[in-house]
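Residues per chain are reported as follows:
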Amino acid sequence: MSAASCLLSEEQFLCSICLDVFTDPVAIPCGHNFCKKCITQHWDVSVQCQCPMCKEVFKRRPKLRVNTFISEIAAHCPDQRCAKPGEVPCDVCTGTKLKALKSCLVCLASYCETHLEPHQRIKSLKKHKLIDPVENLEDRMCKEHDKPLELFCKTDQMCVCLLCTVLDHKSHDIVPLKEEYKGKKAELGKTEAEIQQKIQERQLKIQEIKHSVELSKEDADREIADSVRVFTALMQSVERGQAELIETIQEKQKTTEKQAEGFIKELEQEISELMKRTAEVEQLSRTEDHLHLLQSFPSLNTPPHTKDWTEVSVHRSSYEGTVRRAVAQLEETLRKEMEKLLDAELKRVQQYAVDVTLDTDTAHPSLILSDDGKQVNHGDVEKNLPDNPERFSSCCCVLGKQSFSSGRFYYEVQVKGKTKWDLGVARGSINRKGHITLNPEDGYWTIWLRNGNEYKASDPPVLLSLKSKPQKVGVFVDYEEGLVSFYDVDAAALIYSFTGCTFTEKLYPYFSPCLNDGGKNSAPLIISPVNHTD
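Comments concerning the overall build of the protein
- Along its length, the protein carries nine helices and 21 strands.
- A globule of 534 residues ought to have a C-alpha radius of gyration of about 24 Å, yet the protein, at 52 Å, is considerably larger.
- Across its three principal directions, the C-alpha atoms of the protein cover 175 × 100 × 35 Å.
- Residues classed as buried in the protein amount to 34% of the 534 residues present.
- Put simply, the protein shows about 33600 Å² of open surface, and 53% of that area lies on carbon and sulfur atoms.
- Here the protein contributes 70 positively and 81 negatively charged side chains, and the mean placements of these two sets differ by 8 Å.

Put into structure tokens, the structure is as follows:
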């Protein structure tokens, strides 16, 4: 069957539900035709089984059979289907618009297969420029000369027609659209590759963020488990201590009560005997029998033997110090748990160990740095060094080469044999010339030793009470958390922590071995490798 015959009744071959050429057309009892799939899906979601066209209601869903006649006719018109949203419709079709197969740049119209036929048959129309169907054909025509935009002006970076090249764009760099198309397509390829790379980078960043969340959750779960363990142990210790304290007090009270019961029993027994003797004496004193009185007098005239109760008393139990001792036991339990926690904490922060070396460009001229950048001590002579902006001019300080603007980092410094030192971190923008004040407001988060045993933190200066003299100090920073902590590595003890800090720029490790002090403080500060313990 020809395409023309399809055109004579084109609307008869379109399903009114999907608005496309029938696929497996079926007829229902009222006579209307639909795609089998369309009418089945329509009835599946409808409350009533009725025709979408005439609204006739069927008591039972009709049995559907494919209409072979319509199916065969529709099969001969595969391209004659209704234009869907986003597709270019035929400009000639009346009623239902079919999908256009080509657009003509001369006619400025788009045609379905049937209406395209004259362009394929008539000689004059064959010369027209046909392209794949597009909308807004007028945009493809030169507004000034009403000619197709077939060329590209590289000078003005715009599409032009043939007349433009001899008039407004004369002597410009003109190339065919196809040539510029290839170049731009190549650029688009590069752009697409760049975009794909950015997509991959962001996908990797998503994975990185998710991994960070997982690690954070693991940290949170571990902290929760540790806290539950510690507080459970503490609560059990408190309950056990309370029970033992109550038992001790009750045992003392029972002893007191038992002693009192013995005394009372003995006193009651003596009272009974005395009352008995009183009755006998009273009875004898009333007798008129002279002989009987004189014979009984010797035995009754003497009071029965009794205990001297003058100095006897019930001993009141003393509870002084009982509660204090119980609390002291709790403190000892808490101390042991704290030691366990600090040991575990130190092991965790040691996982963030970084390699730190000293920056010679920041060192005060009197400082002596080792060749490997791991040791620094004070020399008695100032070297003649350039006074560059990075260098400390008055204070005997030096910074690490490495800077940190995110995440966590940790390093250890040996301070053995020193009587004075400063350690910590500093902002990159700190003042390095003249007098320096070590406090967070000025960009320094440090602790220091003076006089061999006086430890302080710059927060402002806080005197630190340490049980032992640190030989090696660990410095840990959590940039996002705003935390700077110092540890006595050998004792696995926390020395001091700066919390709630706000970091907005790079942080550098900060070191000061302080003055030589006539050889008393000649030992160097040594950046030590971190020994990870299991």
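Digging into the pattern of salt bridges
- Applying the stated rule across the entire model yields 24 salt bridges.
- Two residues, Arg348 and Glu223, come together in a salt bridge whose shortest N-O distance is 2.7 Å. Taken together, the positions of Arg348 in helix H9 (residues 322-349) and Glu223 in helix H7 (residues 177-285) put the pair 125 residues apart, joining distant regions of the chain.
- For Asp226, the salt bridge is made with Arg348, and the minimal N-O distance between the two is 3.8 Å. One end of the pair, Asp226, is in helix H7; the other, Arg348, is in helix H9, with 122 residues separating them in the sequence. Across this residue pair, the class does not change: Asp226 and Arg348 are buried.

Brief notes about the sheet that holds strand S6 (residues 151-153)
- Strand order in this open sheet of three strands is S7-S6-S8, and the pairing throughout is antiparallel. In the strand order of this sheet, the two ends are held by strand S7 (158-160) and strand S8 (174-176), each with one partner. Recorded for the sheet is a direction-independent mean angle of 35° between the axes of neighbouring strands.
- Note that S6 and S7 share three bridges and pair antiparallel. Residue pairing in the sheet places Cys153 in a bridge with Met158 of S7.
- Against the sheet, H7 touches S6, S7 and S8, its axis set at about 85° to S8.

Re the nonpolar core
- The biggest cluster of nonpolar side chains holds 37 residues, and the ones touching the most others in it are Trp421, Ile447 and Phe511.
- When residues no more than four places from it in sequence are discounted, the contact partners of Trp421 are Val415, Ile447, Trp448, Leu449, Arg450, Tyr455, Val473, Ser512, Cys514 and Leu525.
- In this structure, Cys15, Trp43, Cys51 and Leu64 belong to the second largest nonpolar core, which totals 15 residues.

Details of unusual backbone geometry
- In this model, Asp24 sits at a positive phi of 50°, which is unusual for a non-glycine residue.
- Looking at the secondary structure, you find Asp24 in the loop between helix H1 (3-8) and strand S1 (25-27).
- Phi at Ala492 takes a positive value of approximately 50°, unusual for a residue other than glycine.
- Within the element layout of this structure, Ala492 appears in the loop between strand S18 (483-488) and strand S19 (493-498).

Observations regarding the packing of aromatic side chains
- Scanning the model with the defined rule gives twelve aromatic pairs in all.
- Aromatic side chains Phe263 and Trp309 sit 6.0 Å apart centroid to centroid with 85° between the ring planes, which places their arrangement in the edge-to-face category. Pair noted here: Phe263 is in helix H7 and Trp309 is in the loop between helix H8 (290-301) and H9, with a separation of 46 residues, a long-range link.
- Note on Trp309: relative accessible area 18%, which makes it buried.
- Ring geometry for Trp445 and Phe503: centres 5.1 Å apart, planes at 85°, overall edge-to-face. One end of the pair, Trp445, is in strand S14 (residues 444-450); the other, Phe503, is in the loop between S19 and strand S20 (507-512), with 58 residues separating them in the sequence.
- A relative accessible area of 10% means that Phe503 is categorised as buried.
- Taken together, Phe392, Tyr444 and Tyr510 form an aromatic cluster joined through their ring pairs.
- Directly above the aromatic system of Trp309 lies the positively charged group of Lys307, at a separation of 4.7 Å from the ring centroid.

Here's the deal with the environment of Ala344
- Position of Ala344 relative to the elements: it lies in helix H9.
- Of the residues examined, Ala344 reaches a relative accessible area of 28% and is grouped as partly exposed.
- Between the C-alpha atoms of Ala344 and Gln375, which are 31 residues apart in sequence, the distance is 29 Å.

Notes on the pairing of S18
- Burial of S18 is extensive: five of the six residues sit out of reach of the surface.
- When strand S17 (residues 472-478) meets S18, the two strands line up antiparallel, connected through six bridges. Each bridged residue has a counterpart across the sheet, and for Asp478 the counterpart in S18 is Leu483.
- Hairpin connection, S17 to S18: the antiparallel pair is bridged by four residues, and Gly482 has positive phi, about 70°.
- Inspection of the sheet shows S18 paired to S19 by five bridges, in the antiparallel sense. Within S19, the residue paired with Tyr487 across the bridge is Leu494.
- Hairpin connection of S18 to S19: four residues between the antiparallel strands, including Ala492 at a positive phi of 50°.

Quick look at the sheet that holds S14
- As summarised here, the arrangement of the six strands in space is S11-S20-S13-S14-S15-S16, forming an open sheet in which the pairing is antiparallel. Strands at the two margins of the open sheet, each flanked by one partner only, are strand S11 (398-399) and strand S16 (461-464).

Conventions used here
Numbering of residues starts from 1 in each chain and follows the order in which that chain's sequence is written. This being a predicted model, a pLDDT of at least 70 is required before a residue's local features are given, and a value of 80 or more before pairs of side-chain atoms are given or counted; all residues contribute to the totals for chains, interfaces and linings. Here the side-chain values reflect all heavy atoms present in the structure, with hydrogen atoms and water set aside. Each helix is a run of H or I in the DSSP string that is no shorter than four residues. Each strand is a run of E no shorter than two, and both are numbered from the N terminus. In this treatment the radius of gyration is a C-alpha quantity, and the globule benchmark scales as 2.2 Å times the residue count to the 0.38 power. Residue burial is assigned from relative accessible area. The probe radius is 1.4 Å, only protein chains are included, and a residue is buried under 20% of its type maximum, exposed over 50%, and partly exposed in between. Per-residue and other accessible areas were derived by the Shrake-Rupley procedure at a 1.4 Å probe size, with only the shown protein chains allowed to occlude residues. Under this rule, positive means Lys or Arg and negative means Asp or Glu; His and the chain ends count for nothing. Where a charge lies is defined by one atom per residue type, namely NZ (Lys), CZ (Arg), CG (Asp) and CD (Glu). Any Lys or Arg side-chain nitrogen found within 4 Å of a carboxyl oxygen on Asp or Glu counts as a salt bridge. Should DSSP find at least two bridges between two strands, the strands are taken to pair. Angles here are taken between N-to-C directions and fall from 0 to 180 degrees, while the axes themselves are lines fitted to C-alpha atoms, restricted in helices to the stretch in contact. Contacts are residue-level and defined by heavy atoms, with any inter-residue pair within 4.5 Å sufficient. What makes a nonpolar core is a set of buried Ala, Val, Leu, Ile, Met, Phe, Trp, Tyr and Cys residues whose side-chain atoms join them at distances within 4.5 Å. Aromatic rings from Phe, Tyr and Trp, taking only the six-membered ring of Trp, are treated as a pair when their centres fall within 6.5 Å; an angle between ring planes under 30 degrees marks them as stacked, one over 60 as edge-to-face, and anything in between as tilted. Only lysine NZ and arginine CZ atoms are considered, and such an atom sits over a ring when it is within 6 Å of the ring centre and within 35 degrees of the ring normal.

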